[in-house]
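Architecture and fold: a report
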Amino acid sequence: MPNTWKNQRRLYFGDFTLDLNRGALRKNGEDVDLRPQSFKVLQILVENHGTLVDKKRLQLEVWGNVAVTDDSLTHCLIDIRKALGDSTRTMIRTVPRRGYLFDLTVTAIDSPGLIATPAPTPSHRLRNRTGIVIAIFTILVSGVWFGSQRDAGPEEGGREGFSPPANSIAVLPFIDLSNEQGQRYFGEALAEEILTELAQIRSLHVIARTSSFSFRNNHSDVATIGRRLNVAYLLEGSIRKSGKRVRITAQLIDTQDESHVWSRTYDRLSEDVLDVQTDVAGAVASALRVSLVNVDPPRYTTDPLTLGLFARARYLLHQRDSSVKAEAVAMLEEVVERDPDFVRGLTELARAYNQQALIGQRPLQQGESTANDLTQKALEMDPDDAVANAWQGWHELFVNNDIAAAVSRFQRALIAAPFDLDVLRSASVAIAAVGRIDEAVELGEYVMAHDPLCEICRTNLIHAYRIAGRYRESEEQARLVLAMHPERLDMYVPLAYALLLQGDAESAMTALNMAKGDADAGLAALSGAERTSPSRLMCAAIALHQLERSDEFEATLALLREDWGDTAPAAIAQVYAAIGDPDAAFYWLSKWSGAEPLNLRSYRSPFYNSIREDPRWDRLLATIGLSGQQLSALDLRFSTPQ
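Just so you know, these numbers come straight off a predicted model, no measurement behind them.

Let's shift gears to the state of the cysteines. Evaluation of the coordinates by the stated rule reveals one disulfide. Put simply, C454 and C457 are joined by a disulfide, and their sulfur atoms are 2.4 Å apart. Torsion about the S-S bond of the C454 and C457 cystine: about 75°, corresponding to right-handed handedness.

Take a look at the structure:
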């Protein structure tokens, strides 16, 4: 029977839409989680609805000439039936020893001779109209007042011209296909350890967890993910737990032609499951014709229950939902209690306490102090642990303001883990703080190339470009974050900062008002019930001064002094330096007490350029360990990985 559905771009059945333009399965307007291979199987069945499709055809069209077991197809059908709620197997009927039949009526739109589809319900119309309004608003904001076209970001661009690095790879979270659906955290843990092991291979360009795991609930196809991450290969897989046994399937896919390069299934006992990481990493290295270097294995706890708690806690810590942080902390506290010598347990608990402090679930000083105690304990057990040294370096630099101690810690971290992106990301900030600006930019660009969807990495690069005097590039990076994450209203502040430094005060004020979601200009938009940030008020005061709006400038500066004079004097100092009042600038700089978060970085602000030749500037830097002589004495031997 000829297939008459190939040109149809949206296929409707029951409450579902198979949107072939977006590569997504949707139910009542909401995306339904479905991995790419499962989506392809469903697409073939739906396009051939009412017709028997045999197994060999499905395997050939989905996996090409790569030999795969029946398990691969079975996993996809389990995935599809779960997504459709087809527990009775009436939507997709199995014809024993022959194949499968999609047994629902299908209608379609978007091609010549289309079949009419039912009108959407009022709720659908409202949802669609709201989406259109939001889309138009986003286009207007990003395209009109910015007044310039941004470069294509990681999520943009067609397939034409896509040419990723030859030996580049991203590891996606392994899908949980267990009947009880309780192993998702372990799928992420396994994928992360494979990723970590592959990252030790110098000739491989491995994408970091932050970016690759952002596709855990994404329905994009292989080619789209490849473009967004700029990689030639994807490693994906699944786990299925039954009793004490676990079956793990892994497959390596070429993102340019979506062919399967390699596929393998592993059967293990639950307690031996992480041993698979070395097998998979070695097989992938062989498939890509690179050598797996000899590296020390991660220091794990030997107790399976403790390891399971650790994996679940890390899974929770990486969720955006702040309500699960307390649960993660409780698990990690139990991990440390069960195995006090487990270094990774200590460093993860330190990370968890810091996260709670930053989101207000724990007093800031208490969180920092407790995290520091845990890091010190980890260093006592393993003085060369890279993560512990990086954490301690951060604490020394931005809490204790001890630059020499911080440099020593970062040096040890970089020696222990020269390719660890978390270590390199922290080091890039520290390197910028101590004046190695060009190296900070180079390292920031390296980190972004390996973690293109990491928001904090791009934020660090925005700052590095700014203090390097590369204001246009700082602006472009801020725009890119906003394009990818329109909800990040705070990113309008660094955008305004970059615009100000390019002399565009009018656009800077517009950006600052967008930071609050208020389209009105002037002081009224900068004040309000909530306390606005010192950086936003600082940029607003400078912009208003450049625009010669004197009354608003004075009122904004007064608000900045009143709200932040005790805790953020550097912001006030930058205003006075920018408007040409060096005496006032040095007065406010003298009030710095060390309590201002990340204050050392603020001394690199371009707004201080007008007072850097003043003799008081060098004397001030000497009091905080940032004079040229003090910085040149620091023993920080570092080069960006090649």
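So, on to the pairing of strand β13 (residues 245–254). Most of β13 is tucked away: eight of the 10 residues are buried. Pairing of strand β12 (residues 233–242) with β13 involves 10 bridges; the strand directions are antiparallel. In the sheet register, I239 faces β13, and the bridge partner there is I248. Between the end of β12 and the start of β13, which pair antiparallel, lie two residues, with G243 showing a positive phi angle near 65°. The antiparallel pairing of β13 with strand β14 (residues 260–269) creates a hairpin that spans five residues between the two strands, and E258 there sits at a positive phi of about 60°.

This brings us to the packing of helix α19 (residues 492–501) against helix α20 (residues 505–514). Packing of α19 against α20 leaves a shortest axis separation of 8 Å and a crossing angle of 175°. Relative to α20, the element α19 is oriented roughly antiparallel. On α20, the residues that touch Y492, V493, L495, A496, L499 and L500 of α19 are A505, S507, A508, A511, L512 and M514. Considering only residue class, the contact of α19 with α20 consists of 11 nonpolar, one polar and no charged.

Considering the arrangement of structural elements, one finds Q574 in helix α23 (residues 569–578). Residue class for Q574 comes out buried when judged on its relative accessible area of 5%. When neighbours within four sequence positions are excluded, Q574 is seen to be in contact with Y497, M538, I542, S602, S605, F607 and Y608.

On to the sheet that holds strand β6 (residues 92–95), then. Paired through backbone hydrogen bonds, the strands of a sheet run either parallel or antiparallel to each other. Ordered by their spatial adjacency, three strands build an open sheet running β5-β7-β6, and the pairing between neighbours is antiparallel. Each edge of the open sheet carries a strand with a single partner, namely β5 (52–54) and β6. The mean inter-strand angle of the sheet, taken between neighbouring strand axes irrespective of direction, is 30°. Across four bridges, the pairing between β6 and strand β7 (residues 99–102) is antiparallel. Looking at β7, one finds that R93 is bridged to L101. Contacts from helix α1 (residues 36–47) reach β5, β6 and β7 within the one sheet, and its direction differs from that of β7 by about 65°.

Next up on the list: a nonpolar patch on the surface. A contiguous nonpolar surface patch, about 310 Å² in accessible area, is contributed by L358, I359 and L364. Note that L364 resides in helix α12 (residues 364–381). By relative accessible area, L364 is classed as partly exposed at 42%.

Moving on, we come to helix α21 (residues 534–546). For α21, with 13 residues, the first-to-last C-alpha span of 18 Å sits near the 18 Å given by 1.5 Å per residue. A large share of α21 lies buried, amounting to 10 of its 13 residues. Inspection of α21 places P534, R536, L537, M538, C539, A540, A541, I542, A543 and L544 among the buried residues, and these make up the whole buried set. Of the surrounding secondary structure, the elements contacted by the buried residues of α21 are α19, α20, α22 (550–564) and α23. Once α21 ends, the next one or two residues include E548, with phi positive near 60°.

With the rule as written, the count across this model stands at eight aromatic pairs. Aromatic side chains Y497 and F607 sit 4.8 Å apart centroid to centroid with 10° between the ring planes, which places their arrangement in the stacked category. With Y497 in helix α19 and F607 in the loop between α25 (599–602) and α26 (615–623), this residue pair connects regions lying 110 residues apart in the sequence. F607 matches Y497 in its accessibility class, with the two residues each being buried.

With that settled, the discussion passes to the side chain of S211. Among the structural elements, S211 can be located in helix α6 (residues 209–212). Under the relative-accessibility criterion, S211 is labelled buried at 0%. Engagement of the side chain of S211 in a polar contact is seen with the side chain of D451, the distance being 2.5 Å. Contact partners of S211, with chain neighbours within four places excluded, come to L229, D451, P452, L453 and C454.

This part is about the nonpolar core. Of all hydrophobic cores here, the largest spans 94 residues; its most connected members are M538, L560, L589 and W617. Top element by residues in this core is helix α15 (residues 421–433). It accounts for nine residues. Among residues more than four places away in sequence, those in contact with W617 are F586, L589, Y603, Y608, I611 and R612. Listed in part, the 59 residues of the second largest apolar core include I201, Y266, A285 and M331.

Let us now look at the pairing of strand β3 (residues 24–27). Note: strand β2 (residues 16–19) against β3, four bridges, orientation antiparallel. Residue pairing in the sheet places T17 in a bridge with R26 of β3. What sits between β2 and β3 in their antiparallel hairpin is a turn of four residues, with G23 showing a positive phi close to 65°. Note: β3 against strand β4 (residues 30–32), three bridges, orientation antiparallel. Within β4, the position partnered with K27 by the bridge is E30.

A word on the confidence of the model for the protein. Counting all residues, the mean pLDDT for the protein is 78, and 80% of those residues have values of 70 or more. Taken element by element, the protein is modelled with least confidence in helix α4 (residues 122–145), mean pLDDT 32, and with most confidence in α19, mean pLDDT 95. Confidence drops under pLDDT 50 across residues 110–159; counting only partners more than four residues distant or on other chains, this segment forms 64 contacts. Low pLDDT (under 50) marks residues 594–598, which in the prediction has eight contacts with non-local residues, meaning those over four places away or in another chain.

Further remarks concern the environment of E47. Following the sequence through the fold, E47 ends up in helix α1. Overall, the relative accessible area of 4% leaves E47 in the buried class. Separated by 29 residues in the primary sequence, E47 and L18 place their C-alpha atoms 9.9 Å from one another.

For the pair α20 and α21, interaxial distance at closest approach is 9 Å and the crossing angle is 150°. In terms of their interaxial angle, α20 and α21 are classed as roughly antiparallel. The hand of the α20/α21 crossing is left-handed. On α21, the residues touching A505, M509, L512 and N513 of α20 are R536, C539, A540, A543, L544 and Q546. For the contact of α20 with α21, the per-class residue count stands at seven nonpolar, two polar and one charged.

One pass over the structure, following the stated rule, counts 24 salt bridges. Between E192 and R209 there is a salt bridge, with the nearest N and O atoms lying 3.3 Å from each other. Of this pair, E192 sits in helix α5 (residues 184–198) while R209 sits in helix α6, placing them 17 residues apart in sequence. With relative accessibility at 10%, the residue E192 sits in the buried group. Shared partners join several salt bridges into a network, and the residues in it are E188, E192, R209, R314, E348 and R351.

Reading the values: rules and limits
- Residues numbered from 1 in each chain as written.
- Predicted model: local features only at pLDDT ≥ 70, side-chain atom pairs only at ≥ 80, totals over all residues.
- Heavy atoms only, no water.
- Disulfide = S-S within 2.5 Å.
- Buried < 20%, exposed > 50% of the residue type's maximum accessible area, 1.4 Å probe, protein only.
- Helix = DSSP H or I, 4+ residues; strand = E, 2+ residues; numbered from the N terminus.
- Pairing = 2+ DSSP bridges.
- Axes fitted to C-alpha atoms, helices over the stretch in contact; angles between N-to-C directions.
- Parallel < 35°, antiparallel > 145°, perpendicular 65-115°, else oblique.
- Contact = heavy atoms within 4.5 Å.
- Nonpolar A, V, L, I, M, F, W, Y, C, P; charged D, E, K, R; others polar.
- Patch = residues over 30% accessible without salt bridge, like charges linked within 9 Å, V, L, I, M, F, W, Y side chains within 5 Å.
- Areas by Shrake-Rupley, 256 points an atom, 1.4 Å probe, with all protein chains shown as cover.
- Salt bridge = Lys/Arg side-chain N within 4 Å of Asp/Glu carboxyl O.
- Expected span 1.5 Å × (residues − 1).
- Phe/Tyr/Trp six-rings, centres within 6.5 Å; stacked < 30°, edge-to-face > 60°.
- Polar contact = N/O pair within 3.5 Å; in protein donor to acceptor, adjacent residues only side chain to side chain.
- Core = buried A, V, L, I, M, F, W, Y, C linked by side-chain atoms within 4.5 Å.
- pLDDT = per-residue confidence, 0-100.
- Left-handed = near helix turned anticlockwise from the far one by under 90°.

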